[in-house]
Amino acid sequence: MQLSDFVQSIEKEFEDTRPGTVTGETEFRKLEGWSSMMALIIIAKIDSDYSVTVTAEELAECNTINDLFELVHAKAA
Amino acid sequence: MSLFSTQNIRIAGISACVPRKEVSNYDFELISQKERELLVKSVGIEKRRVAEKGVCTSDLCQKSAEKLLNELGWRKDEVSILIFVTQTPDYITPATSNILQDKLGLPGSCIALDINLGCSGYVYGIAVASSLLATLGKGKALVLAGDISTATISEKDKSATPIFSDAGSATALEFESHAPEMYFNLQGNGSGYKAIIIPDGGYRNPVSSKSLEYEQVSEGIIRRKTDLVLNGIDVFNFSVNEVPKNVEELLKFSGRERQGIDYFIFHQANLLINESIRKKLKLEPKQVPYSLRNFGNTSSATIPVTIVTQLKNEITGKPLKMVACGFGVGLSWGSVYAETNRLACPDLIEW
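A brief look at the structure comes next. Please read these numbers as outputs of a predicted model, since none were measured by experiment.

Details of the overall build of chain B
Stage number 1. Helices and strands together make up the secondary structure of chain B, namely nine helices and 17 strands.
Stage number 2. Each principal axis of the C-alpha distribution contributes one length, and for chain B these read about 60 × 45 × 35 Å.
Stage number 3. Taking all 351 residues of chain B together, 56% fall into the buried category.
Stage number 4. Pairs at least 24 apart in sequence give 78% of the contacts found in chain B among residues at least 6 apart.
Stage number 5. Counting only carbon and sulfur atoms, one obtains 49% of the accessible surface of chain B, whose full area is about 14500 Å².
Stage number 6. Between the mean site of the 39 positive side-chain charges and the mean site of the 39 negative ones, chain B shows a separation of 3 Å.

Comments concerning the sheet that holds strand S2 (residues 9-18) of chain B
Residue and element names in this part refer to chain B.
Stage number 1. Spatially, the six strands line up as an open sheet ordered S6-S5-S7-S8-S2-S17, and their pairing is mixed. Lying at the two open borders of the sheet, with one neighbouring strand each, are strand S6 (111-115) and strand S17 (349-350).
Stage number 2. Of the pairings in the sheet, the one linking strand S5 (residues 79-85) to S6 comprises five bridges and is parallel in character. The partner of Val85 across the bridge, within S6, is Ile115.
Stage number 3. Packed on one face of the sheet, helix H2 (residues 57-72) meets S2, S5, strand S7 (140-148), strand S8 (166-175) and S17 and runs near 40° to S8.
Stage number 4. Relative to S2, helix H8 (residues 302-310) is tilted by about 85°, and along the sheet it contacts S2 and S8.

Description of unusual backbone geometry
Residues and elements named next belong to chain B.
Stage number 1. Of note, the amide linkage connecting Thr93 to Pro94 takes the cis form, showing an omega dihedral of 5°.
Stage number 2. Tracing the sequence through the fold places Pro94 in the loop between S5 and helix H3 (96-103).
Stage number 3. Cis geometry marks the peptide bond from Gly330 to Leu331; its omega dihedral reads -5°.
Stage number 4. Note that Leu331 resides in the loop between strand S15 (319-328) and strand S16 (332-341).

Quick word on the environment of Lys30 of chain A
Residue and element names in this part refer to chain A.
Stage number 1. Among the secondary structure elements, Lys30 is positioned in the loop between helix H1 (3-13) and helix H2 (36-50).
Stage number 2. Exposure remark for Lys30: the relative accessible area of 67% places this residue in the exposed category.
Stage number 3. Considered as a pair, Lys30 and Thr64 are 34 residues apart in the sequence and their alpha carbons are 9.5 Å apart.

Considering a nonpolar patch on the surface
Stage number 1. Taken together, the side chains of Met1, Leu3 and Phe253 of chain B make up a nonpolar region of the molecular surface, amounting to roughly 290 Å² of accessible area.
Stage number 2. Inspection of the secondary structure assignment puts Met1 of chain B in the segment before strand S1 (2-6).

Remarks on H8 of chain B
Stage number 1. Within H8 of chain B, seven of the nine residues are buried, which leaves it mostly tucked inside the rest of the structure.
Stage number 2. Those residues of H8 of chain B that sit buried are Thr302, Ile303, Pro304, Val305, Thr306, Ile307 and Val308 of chain B.

As for the side chain of Asn246 of chain B
Stage number 1. Tracing the backbone shows Asn246 of chain B in helix H5 (residues 232-254).
Stage number 2. When neighbours within four sequence positions are excluded, Asn246 of chain B is seen to be in contact with Asn185, Gln187, Trp333, Gly334 and Ser335 of chain B.

Observations concerning the interface of chain B and chain A
Stage number 1. Each partner contributes residues to the interface: chain B has 18 residues there, and chain A has 17 residues.
Stage number 2. Taken over both partners, the interface formed by chain B and chain A buries close to 1400 Å², and the fraction arising from carbon and sulfur atoms is 65%.
Stage number 3. One can count three salt bridges joining chain B with chain A.
Stage number 4. Here Asp16 of chain A makes a salt bridge to Lys34 of chain B, at a shortest N to O gap of 3.0 Å.
Stage number 5. Between the two partners, chain B and chain A, sit five residue pairs in polar contact (both at pLDDT 80 or more).
Stage number 6. Of the residues in the side of chain B that touches chain A, the class split is seven nonpolar, five polar and six charged.

Brief notes about the packing of aromatic side chains
Stage number 1. A full pass over the atoms with the stated rule returns nine aromatic pairs over all chains.
Stage number 2. Residues Tyr183 of chain B and Phe253 of chain B carry aromatic rings whose centres are separated by 5.6 Å and whose planes lie at 85° to one another, so their mutual orientation is edge-to-face. With a gap of 70 residues between them, Tyr183 of chain B in strand S9 (residues 182-188) and Phe253 of chain B in helix H5 connect regions that are remote in the sequence.
Stage number 3. Given a relative accessible area of 35%, Phe253 of chain B falls into the partly exposed group.
Stage number 4. Ring pairing ties together the aromatic residues Phe6, Tyr50 and Phe69 of chain A, which thus form one cluster.
Stage number 5. Above the plane of the ring of Trp74 of chain B lies Lys140 of chain B, whose end atom (NZ or CZ) is 4.7 Å from the centre.
Stage number 6. Residue placement shows Lys156 of chain B over the ring face of Tyr214 of chain B; its charged tip is 4.4 Å from the ring centre.

Regarding the packing of H2 of chain A against H5 of chain B
Stage number 1. With their axes 10 Å apart at the nearest point, H2 of chain A and H5 of chain B run at an angle of 20° to one another. With respect to each other, H2 of chain A and H5 of chain B are oriented roughly parallel. As H2 of chain A runs across H5 of chain B, the sense of the crossing is right-handed. Taken together, the residues of H5 of chain B that come into contact with H2 of chain A (itself represented by Ala39, Leu40, Ile43, Ala44 and Asp47 of chain A) are Gly232, Ile233, Phe236, Asn237 and Val240 of chain B.
Stage number 2. Here the residues of the contact of H2 of chain A with H5 of chain B are counted per class, giving seven nonpolar, two polar and one charged.

Regarding the nonpolar core
Stage number 1. Judged by nonpolar contacts, the single largest core of 68 residues is most densely connected at Leu68 of chain A together with Val247, Phe264, Phe266 and Phe327 of chain B.
Stage number 2. In this structure, Val123, Ile126, Leu186 and Ala301 of chain B belong to the second largest nonpolar core, which totals 42 residues.

Re the side chain of Arg36 of chain B
Residue and element names in this part refer to chain B.
Stage number 1. Mapped onto the elements of the fold, Arg36 is located in helix H1 (residues 33-43).
Stage number 2. One buried charged side chain, Arg36, makes no salt bridge at all; its nearest oppositely charged neighbour is Asp27, positioned 5.4 Å away.
Stage number 3. Of the polar contacts made by the side chain of Arg36, one reaches the backbone oxygen of Ile31; its length is 3.1 Å.
Stage number 4. Apart from residues no more than four positions distant in its own chain, Arg36 is found in contact with Asn25, Tyr26, Asp27, Phe28, Glu29 and Ile31.

The rules behind each value
In every chain, residue numbers begin from 1 and rise along the written sequence. Chain labels run from A onward and ligand labels from 1 onward, assigned in the order the entries are written. The predicted origin of the model limits local features to residues at a pLDDT of at least 70 and limits the giving and counting of side-chain atom pairs to 80 or more, whereas totals for whole chains, interfaces and linings rest on all residues. Heavy atoms from the whole structure form the basis of all side-chain values; hydrogens and water molecules are not counted. Where helices and strands are cited, they refer to DSSP runs of H or I of at least four residues and of E of at least two residues respectively, numbered from the N terminus. A simple rule labels every residue: compare its accessible area, found with a 1.4 Å probe on the protein chains alone, to the largest value its type can have, and call it buried under 20%, exposed over 50%, or partly exposed in between. By definition in these notes, contact holds between two residues if any of their heavy atoms fall within 4.5 Å. For the area figures, the Shrake-Rupley method with a 1.4 Å probe applies, and any residue is considered shielded solely by the protein chains shown. Only four residue types enter the charge count: Lys and Arg as positive, Asp and Glu as negative, with His and the chain ends excluded. By convention, the point assigned to a charge is CZ for Arg, NZ for Lys, CD for Glu and CG for Asp. Any two strands with at least two DSSP-identified bridges between them are counted as paired. Here an axis means a line fitted to C-alpha atoms, over the contact stretch when the element is a helix, while the angle between two N-to-C directions is reported on a 0 to 180 degree scale. Residues enter patches when their relative accessible area tops 30% and they take part in no salt bridge; the joining distance is 9 Å for like charges and 5 Å for the nonpolar side chains Val, Leu, Ile, Met, Phe, Trp and Tyr. A carboxyl oxygen of Asp or Glu within 4 Å of a side-chain nitrogen of Lys or Arg is what we treat as a salt bridge. Buried area, as used here, totals the accessible surface that two parts lose on assembly, with accessibility defined by a 1.4 Å probe and the loss added over both. In protein, a polar contact requires one atom able to donate a hydrogen and another able to accept it; more generally it is a pair of N or O atoms within 3.5 Å, and residues adjacent in sequence count only if both atoms are side-chain atoms. Gly counts as polar in this scheme, as do all residues outside two lists: the nonpolar Ala, Val, Leu, Ile, Met, Phe, Trp, Tyr, Cys and Pro, and the charged Asp, Glu, Lys and Arg. For Phe, Tyr and Trp, rings pair up if their centres lie within 6.5 Å, where Trp contributes its six-membered ring, and each pair is then called stacked (planes under 30 degrees apart), edge-to-face (over 60) or tilted (otherwise). The criterion is that NZ of a Lys, or CZ of an Arg, lies within 6 Å of the ring centre and within 35 degrees of the ring normal, and then a charge sits over that ring. An angle below 35 degrees is treated as roughly parallel, one above 145 as roughly antiparallel, one from 65 to 115 as roughly perpendicular, and anything else as oblique. Note on convention: the crossing is left-handed when the near helix lies turned anticlockwise from the far helix by less than a right angle, right-handed when the turn is clockwise. The term nonpolar core refers to a set of buried residues drawn from Ala, Val, Leu, Ile, Met, Phe, Trp, Tyr and Cys, joined through side-chain atoms within 4.5 Å.

Next comes the structure, spelled out in C-alpha cells:
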C-alpha cells in the first residue's frame, strides 16, 4: 500500500477539502468538516479498502494522516 | 457459537406497530445543516418515530399482537407461549410478559417470560419460542419484540439521538408437523458490554442524585448516567468483524448457498455498518432490504419492521427462503434461516 493512495482516499471523504491539499503531515482533526461522524466514516473506509480494524483508542493516538497510514500499514502486514 | 435447528415449527405471521409521531434528522438541532446532510447520507436514517410520554413498548407490541391474532383467526386460548423481548419494560419488576398475558386475554397456562436483549433480541426470541414449542409438541407462540429506545437517550447527545427510533412487533409461530426446519446460530461476547450501556439504574450502580446530573462528555454529548451510551466505533468494529462470519457459518450449517436465499433481513443498525456487512458477504443489494431511512434503528423490532414495510407482498404472496440476523448490545448476535410460506402480515400499524 502506498501513502499517496491512502492520502487520496482519505481526502475524498472530506467534501469541503480541495483535491491535492491534503498531505501525510495533515492533522486530520483540523480539516474542515471533521466530526465524530467522520471518525466512523474513516474507520469504515479503512475497513473496506484495507480489511484493517482500527479501534477508537488507536485512532485517538493518531494526529496526522501519516500516523494513521503507519498504523494501517503495520496492521495490514 | 451455538448452532442448532428446530423441527416442526412454522412462522405463521408478522406484524409491527410504530408511534404516529415522526421526527426528521434534517431538523436535528445539535448539528449544522451540512452535518445533517452527511448524517443522513452516511448513517442512512432520515426519519424516526418517537413514542409519546406514557406509551410503552408493551403498548406497541399489544397493538401488533391483537391485529395479528385477528388476521390469523387464532383463538387466544390456543396461545401457549408469550416471549417479550425488550430493554424498555413497563417496570423493573414484575416481568412485562405477565402483564401482556393478561392484557391480551391469554390463558393462565401460557408460558410468559421476558428476554432482556436489544438488537439481537428478535432472533433470540424466535429461537427460544420455537425451541419451547418443539418441546411442548403442540400449540402456538407469540414473540413480541421492540423498544422505545428514544426514552433512554439524552436529547443533548448527538451520537445516539439521530440513530434510535421506537417500534413494537409481534411474530406468530405454531407447531406443525413437517414444517421446514429452522436453523440458528447464536453468539455473544460480554467483554464488550460497555459498547452500548445505560450505566446507572440497575443494582450494580443504583440510581443516586449524582446519576441524574447532566455531564458534558465531549463536544455535542451531554448526558446523565441513566442515559444510554453508544460507542459507535466499537459497535462498527464488532459488527463488521463478527456478523459476516456468523451468517456464513449459518449458511454452511443449514446447507444453503447465499444465491439461493431470497432475502437477508439484517438488524437496521446504520447504513455504514449494514453496507459493510452486505459487501463482506457478497450479497446483491436486492437481497438485502432496508427500512432504515424511514424508521431508523428500532432495536429488536428492526427485522419485523423491515419485513412489514418492505416485503409485505412477497411474504404474503409466495414461499420465501430467508435469513434474519440481529447484532448489538450485549454484545450479542445471532442469525436464523427460515422458510416462510404465505404469512399473515397486516399493514404497519401507526398508533
